[in-house]
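Structural overview for review
One letter stands for each residue in the lines below.
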Amino acid sequence: MSAITLATLNRLKTERKRFSMLTAYDASFAATAARAGVASVLVGDSLGMVVQGGSSTVSVTLEDMAYHTACVARGVAGAGKAAPLIVADLPLGTYYTAEDAGRNAACLMRAGANAVKLEGGAFLAETVRFLTERGVPVCAHLGLTPQTADMLGGYKVQGRDEAAARQIQDDAVLLEAAGARLMVLECVPDAVGAAVAAALSIPVIGIGAGPGTDAQVLVMHDMLGVSPGRKARFVKDYMAQAGSVEAAFRAFAEEVETGVYPAPEHCYG
Ligand code: KIV
């Protein structure tokens, strides 16, 4: 079976078919996600918390990301199924300038990423354009941006008032125009998730952004019920029902595709 590409994900959006993304940080879980039919794997800097045991993503280094991206790429390659698209996070401080972003994105692409993700709004348009023009696909990340959560007053729902919602949508449109090929939208009211997905032609992947986005992503440890700390509203524990990790991943992929997840209890109205 052929690999899932950005073109595949774009076609799914055009055909109004939802798709799933899960984080993975090693070969075994990445291969399991591939076997379960998950369309995309995110090597998230959430590994700072769920793998390294830190309290945020800020301690994660480029070297950490390159190591885990290479592990995931090997797992996906050996899975013998339609290989999910691999997106890898550029960690905090590695994309303050376009040149830094270019050099550091190349490191993650060499490790096996198919696209790199970076967090932030309009101020990143030049960087997104720089990477895109040099052939590096970019996944933007708006709404709650964990690398800068302290500036946002913590892990809080974003875009609650009209001006903030408008800002998110304007930033999204600008980043798409700059060349972003995917967008993660985290912790916003349902209406904002749906409006951004409708405004963009690239796939919008929601996490706590309601049922109106084109796709859903969860942190693997959260949906397996093994994350430390408080469970966020948008998290559904798939392991509670499933008999295996692969069954939990498959249930997530199927529930996203059929629109069962997220249900109203996982959303910010
Ligand atoms: O690092 C990560 O896992 C993420 C998701 C929360 C989208 O960015």
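Nothing here was measured: the structure is a model prediction, and the numbers come from that model.

Going from Y261 to P262, the amide bond is cis rather than trans, its omega being 0°. Inspection of the secondary structure assignment puts P262 in the segment after α10 (245-258). Positioned with a positive phi, R16 is a non-glycine residue whose angle comes to about 55°. The exposure class of R16 is exposed, given its relative accessible area of 78%. Of note in this structure, C187 is not a glycine but carries a positive phi near 55°. Tracing the sequence through the fold places C187 in the loop between β6 (182-186) and α8 (190-199).

Our next topic: the sheet that holds strand β1 (residues 19-23). Sheet architecture is closed into a barrel: eight strands sit in the order β1-β2-β3-β4-β5-β6-β7-β8, paired in parallel fashion. The average angle at which neighbouring strand axes cross in this sheet is 25°, direction not considered. Alignment of β1 against strand β8 (residues 215-218), held across four bridges, turns out to be parallel. Looking at the pairing, L22 lines up with L218 of β8.

Conventions and cut-offs
- Residues numbered from 1 in each chain as written.
- Predicted model: local features only at pLDDT ≥ 70, side-chain atom pairs only at ≥ 80, totals over all residues.
- Heavy atoms only, no water.
- Helix = DSSP H or I, 4+ residues; strand = E, 2+ residues; numbered from the N terminus.
- Buried < 20%, exposed > 50% of the residue type's maximum accessible area, 1.4 Å probe, protein only.
- Pairing = 2+ DSSP bridges.
- Axes fitted to C-alpha atoms, helices over the stretch in contact; angles between N-to-C directions.

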